[in-house]
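# Structural features, examined
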Amino acid sequence: MRVMRRRSRPKGRAATHFPSFSKPDFVNPTVHMFIEDVHIAVMPIGGRTEKRTDFSVTFQGEPIECERAKDLCLSLSRHRRYSDKELMCDVVDQITQYLAWYGRAVCEIIRDTDEIGKTYLLHFTPQRLYRIPGHYVQWVPSGDYELWKKRFIVIPSKDVWEISIPLILGGASSYRKILSGLRRFEHLGPRFWRGDLEKQKLTKHYDFMEYVRNSEIYYDRITQTWGWNRRDWTQERSTEFFNFYRTITFRWAQAVLREHIIKEINDLLVRLNIGSMIVISGLPTSDEILEIRKEMLDGRISFGKAFDQVTF
Amino acid sequence: MNNSLFLYLSQFRIFWIFRALVRRFFFWIEANLFGAGYKIGEEKSNLQSLRALFQVTQTQLFLAIIAAIVLQIVDPYLYPFYEFIGLRIPDDSDYVTLLATVSGIGGVFIGLYYAGLSTVSGAIYSRVPNNIRDLLVQERIGYVYMRYLALVTFIGLALIGLRILGYPRIFLAVPIVVLMAGIGIIAFVKLGQRAFNLFDPTALSNHIFVQLRHWLKMVKSGGFKYDDPSFQVHANKQASTTLDALETLADITAKEPHLSGKPFLVLTQYIIGFLNHYEKAKRFIPSESRWYQQRYVHRDWYRTEESRIDIAYKTGTSIQPEITGDKYWVERKVLPIIMLCIRVNLKAGRYSGVLELLGYIDGYLKVLAKEGWVKKAFEVLSEVSETVIKEIALPEEGDVLKTEVLEKLALSETIAYLPISIFVAFSESLDELSRGEISERIRHIQWSHLKDIYRQKFPSYCIPQLEWLKPRLTFELLAEGRQVSPLWYQTELLMQVVAEQLVESFKTLVSESAVLYRQWINHMNTARHPWLGAAILSREWEYWHKAEYHLPRIAEKWTDINGSRYIEGLPWPDLDIDKLSRNVSDNRNETLKHMSQQGTLLTLLSRPNNFPDYVGQFLHCCGETVFEALYEGNHELLKAVFRPYFVGCLFTFDKLRPKTVSTDWRAQQEIKIAAAPLLDLMDLSGYSYLFADYHDKPILAKEVTDVWNEYLDKEANSSSVKLFAIAVELTEAAFEIPYRGILRTTWQRKVSQRLMDLPRKRIYHRGSFTSDTIAIHKSPLVRIFAREPYGSFNNGVDVFIALFLCKRDDAKDIEFGWRSHELSEEIEQAEKNYQQLSEVEDD
């Protein structure tokens, strides 16, 4: 098996990141957990799965076209990869991670001038990115002017590949609302109470259990489409059935996301005139997961079996 | 409040402070509303008492009014007569005099009433604590009457005051005041009669139970602020205080000889009545209600949710313990009163009173069993029985007690009947516990409704599980906008609790009852009260009989509850119905063994006419058991039962036989009746040969013949054998169905049925087209009894004579009748035929 080596990172026009926006201080743990959960195991990690022995990734088309497609994908992967499975798992994971943070991901399409026909993708930040007819405009924050030496960066639309959270999961704006919603309230209590707690001071009139219950209802409500279970498997406030139901719904959302990313990459290949198509098989599809959930609701399948069938 | 808005506001300290203030304000309003409601209730009750007061005075009042009207009508016609005799029509000043008189009477009555109370108080209540004296003051009729009298007295004074101030006379006041004064005077007579009741403090207990029911009503679902912990604690404290007063009252009553009889028994009946009401009310009380006294259960650090752990760690404290309620705190307070009452009255020899009380306890145990608390019912029963049995069966020195007080026998039987009551009540309650029924009831629950889980009338042991489900399903509603956990899941979770309760109940019914019966019988026998032991044994036999009858129903119910389970890995109780059935059967056999031993003991005593014939009952049951042991080839059981049965039969014959020799037909009839146990014994002994061959267990026949040989060898003359021959001859000679002949025919029929399942071979008669079948068995005796189409005309008696008695040396010259001879020949013939048949087949 040959080792696919990624070329040295190609240079693009877009500002890839804005260091002035990064917040080294406190990251909301709920948001952090949600983002992490969304992108973990959308595809088998490292392409390895024991349960799904029939899992496969295929590049269909002429060998030369497949090579072009792989080179394109390779530009998005983080590490060198040995197989198609590893490559696509890494690529999908990478794209999911971008989507998980911002609800959309943008990449600059760079056509290699040295090797005719080779195309690469360079991910850049979707922050302060605006779309105008025929172009994307990046407005560089003043704090990052020194780094990028420009106030505005204009990139033609034909050189940008954009992918968002699928509409069935609410689209990018709805996803960002979820993130801001999760960020809005602290799970463990309001700021004043946490302050009192640190000072070993008893807060009068504050009802901790009621606050936590309400916050959990709130988190579950705003992530209802995704079915995120807050990594909570206890039955303190919900039934075992409800926990499994949410978990399976979350697996469905991840399957939807995976299918959407593969479709968007295939659309990009068509757009870039690369005569290859990526086909993934052997993983539970979103429709299959919905059917499993229905079977569980009807009591035709045990919780354990249902869970087993949606994971890999 | 909207969930997001709540969270938004909750970020500010002021919100929580404001919220606490609002809550406090509403609590204040609710507390006042509660107080007002309580007062309204009190006033309503007072008005009812007043109405009762009017009711008891209405006859006299009506008569007085009629009399006044008659006088009023007649009065104008009497004016000439007044003038003739010199009577003066009263002038206006009499108006004031009349009112003053009425007020005076009122004042006097008030004084007299309190003087009476002081007398009672001084005589009876001087040495009692305050809470009991309070009962006297809170006596409702007297309290209402005093208030009424005070009103009448003051109205009179007020009217006089107005007149003195120069206001005109109120003509209407005269009849009204007179009417009110009339009620007061007549009621005083009635109240005087009631005053004697005040010498009995238990008569005042009504107030205690009214109070208890009031506080109980408050904590039941639908009661005023029933879900508010503050109100629950208040109700608990008030009820606890009231129960303390009840305990004190019971102590006083028990110590006073004139009160410890009927009054104490009546008080205890009221207590049991309240307990019945309370057990049913528990279905409607939230399981976490502070009405139940609180107990702490400490959590496991590694099983507790993170938020609690986080707080505990950050504050350097331990995790807050879980609080559970003591569901039996009321029972713990009142059950000792019931035991005290039983003890005191039994010591005083008031058996009939205790017997009546046991009837009430029986009702309470039934309620417990119907509510599914079988184990609790047995705990109460154990306590009651220990108290009763210890008192009625005091250890006797020397010989066994030859007779008993009849009431003691009745008490023993009643106590021993209580497990049966529990079993039957529990069995009846099983009808409500089908999976379909429970699912249907859950379907009707509106989970967002606060009280709905209590409205569906689930057994009280289901309430905690429903309460566990409620917030979780509400959580789903709030988070998902709909209920996600399906009906089958909810049903299964509830069925888990039902299954656990049922398994515990089934096991208790089999194991605890056996333990209790053994304890009781052992105590009776150790204390040398065989008749009381027999009474209990007789009921125990009934218990196991009923248990065997109800077992298929229990199995059916268990299949319904245990079947079609959805959730894998859900902890589910295990119940082995076959094991349960074996246990019942073992316990039944154990009872029979005891019956046979107890029967032997009782044959030595003469039975008073008014005692049930336990010996007869036990002997009959033992006979049936001997047959069952032979039928099943159960040597152990036969060994345990046959010898006592043998002795019992001989004793019974001796007891029943006429003591004088006579040729009178009546005396002959008496002999025939007395011979019945001997014939039973011989019949069963004969079947021991048959079943020994059938099961290929010669030890069955040996067990029987050993006992016979031992007996006949000891007698060492032919008269004993002759006795059995006479018994046979008496029944064969007469053209009638012998006494107990039908019962023995039942054994014969069962034998035939049993032999029907033997393999058979068809044989054609020589020179004929007709054929017959022959049972394939090596024993000629078995083949004879298995003969087609009607089996054998012989019975166990014939077998016994042919194979045992006739072969004894001391029976050579004794004639046992033609049938036994025929049987011997038949056996020989059957042996030959079988050999020939075997030879033909070999050829």
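These figures come from a predicted structure and were not determined experimentally. (Residues numbered from 1 in each chain as written. Chains lettered and ligands numbered in written order. Predicted model: local features only at pLDDT ≥ 70, side-chain atom pairs only at ≥ 80, totals over all residues. Heavy atoms only, no water.)

Our next topic: the overall build of chain A. Helix and strand content of chain A: 10 helices and eight strands. Taking all 312 residues of chain A together, 53% fall into the buried category. Looking at chain A alone, contacts between residues at least 24 apart form 71% of all its contacts between residues at least 6 apart. On chain A, the mean spot of the 49 positive side-chain charges and the mean spot of the 40 negative ones are 5 Å from each other. (Helix = DSSP H or I, 4+ residues; strand = E, 2+ residues; numbered from the N terminus. Buried < 20%, exposed > 50% of the residue type's maximum accessible area, 1.4 Å probe, protein only. Contact = heavy atoms within 4.5 Å. Lys, Arg positive; Asp, Glu negative; His and termini not counted. Charge placed at Lys NZ, Arg CZ, Asp CG, Glu CD.)

Many analyses report the size of an interface as the accessible area lost when the parts associate. When its domains are assigned, chain B resolves into domain 1 (3-49), domain 2 (52-199), domain 3 (433-496) and domain 4 (657-842). Computed over C-alpha atoms, the centres of domain 1 of chain B and domain 3 of chain B are 29 Å apart. (Domains from an automatic or database assignment.)

What follows deals with the sheet that holds strand β6 (residues 152-156) of chain A. All names here are of chain A. Strand order in the open sheet formed by three strands is β4-β5-β6, and the pairing between neighbours is antiparallel. Because the sheet does not close on itself, it has two edges, and the strands there are β4 (129-132) and β6. In this sheet, adjacent strand axes meet at a mean angle of 25° when their direction is disregarded. For β4 and strand β5 (residues 135-139), the ladder comprises four bridges, and the chain directions are antiparallel. From the neighbouring strand, I132 faces β5, where its bridge partner is H135. (Pairing = 2+ DSSP bridges. Axes fitted to C-alpha atoms, helices over the stretch in contact; angles between N-to-C directions.)

The next thing to look at is the interface of chain A and chain B. Between chain A and chain B, the residue contacts involve 45 residues of the former and 42 residues of the latter. Here chain A and chain B share an interface that buries about 4100 Å² over both sides, 60% of which is from carbon and sulfur atoms. Together, A:F192, A:H205 and A:T239 form the three largest contributors to the area buried by chain A at its contact with chain B, with a combined 14%. Counting across the interface, chain A meets chain B through five salt bridges. Taking the shortest distance from any N to any O, the salt bridge between A:R246 and B:E480 comes out at 2.6 Å. Its residues placed into classes, the side of chain A that touches chain B shows 19 nonpolar, 11 polar and 15 charged. (Buried area = accessible area lost by both parts, 1.4 Å probe. Salt bridge = Lys/Arg side-chain N within 4 Å of Asp/Glu carboxyl O. Nonpolar A, V, L, I, M, F, W, Y, C, P; charged D, E, K, R; others polar.)

Once that is clear, we can look at unusual backbone geometry. Despite not being glycine, A:R128 shows a phi value in the positive range, around 50°. For A:R128, the position within the fold is in the loop between β3 (119-124) and β4. On the basis of relative accessible area, A:R128 is assigned to the partly exposed category, the value being 25%. One non-glycine residue with positive phi stands out, namely B:R528, at about 65°. One can find B:R528 in the loop between α18 (487-526) and α19 (530-562).

So, about the nonpolar core. Grouped together as the largest cluster of nonpolar side chains are 219 residues, with contacts concentrated most on A:M88, A:W161, A:W226 and B:W291. Ranked by the residues each element gives to this core, the list is headed by α18(B), at 19 residues. Lining this core are residues from two domains, each supplying at least three of them: domain 1 (3-49) and domain 3 (433-496) of chain B. In this structure, B:L619, B:C649, B:V782 and B:I801 belong to the second largest nonpolar core, which totals 63 residues. (Core = buried A, V, L, I, M, F, W, Y, C linked by side-chain atoms within 4.5 Å.)

What follows covers the pattern of salt bridges. Within the structure shown, the criterion is met by 59 salt bridges over all chains. Of the charged contacts in the structure, one is a salt bridge between A:R300 and A:D298, with a shortest N-O distance of 3.0 Å. Overlapping salt bridges, with partners in common, bring together A:E216, A:D220, A:R230, A:D232, A:R237, A:R246 and B:E480 in one network.

So, on to the packing of aromatic side chains. All names here are of chain B. Taken as a whole, this structure holds 68 aromatic pairs over all chains when the rule is applied. Arranged with centres 6.3 Å apart and planes meeting at 45°, the rings of Y145 and F188 form a pair that is tilted. You can see Y145 sitting in helix α5 (residues 140-164) and its partner F188 sitting in helix α6 (residues 173-195), a full 43 residues away along the chain. Take Y145: its relative accessible area is 0%, and that puts it in the buried class. The partly exposed category is assigned to F188, whose relative accessible area is 22%. Here the aromatic rings of F627 and Y631 are separated by 5.8 Å at their centres, their planes lie at 35°, and the arrangement is tilted. (Phe/Tyr/Trp six-rings, centres within 6.5 Å; stacked < 30°, edge-to-face > 60°.)

On to the packing of helix α9 (residues 262-281) of chain B against helix α12 (residues 351-370) of chain B. A pair of packed helices can be characterised by two numbers: the angle between their axes and the separation between those axes. All names here are of chain B. Interhelical geometry of α9 versus α12 gives an angle of 5° and a closest axis separation of 9 Å. On the basis of the axis angle, α9 is roughly parallel to α12. Contacts between α9 and α12 pair L265, T268, Q269, I272, L275, N276, E279 and K280 from the former with G353, V354, E356, L357, Y360, I361, G363, Y364, V367 and L368 from the latter. Residues belonging to the contact of α9 with α12 are distributed by class as follows: 10 nonpolar, five polar and three charged. (Parallel < 35°, antiparallel > 145°, perpendicular 65-115°, else oblique.)

All names here are of chain B. On the surface, M1, L5, Y8, F12, I14, I17 and L21 cluster together to form a nonpolar patch covering roughly 710 Å² of accessible area. Mapped onto the nonpolar patch, the elements with two or more residues apiece are α1 (3-9) and α2 (13-85). At three residues, α2 tops the list of elements feeding residues into the nonpolar patch. Relative to the assigned elements, I14 resides in helix α2. (Patch = residues over 30% accessible without salt bridge, like charges linked within 9 Å, V, L, I, M, F, W, Y side chains within 5 Å. Areas by Shrake-Rupley, 256 points an atom, 1.4 Å probe, with all protein chains shown as cover.)

Residue and element names in this part refer to chain A. Taken in spatial order, the three strands of this open sheet run β3-β2-β7, and their pairing is antiparallel. Of all the strands in the sheet, just β3 and β7 (160-164) have a single pairing partner and so form its edges. Looking at each pair of strands side by side, their axes are set apart by 30° on average, direction ignored. Here five bridges tie strand β2 (residues 104-111) to β7, and the two strands are oriented antiparallel to one another. Bridging across to β7, V106 finds its partner in E162.

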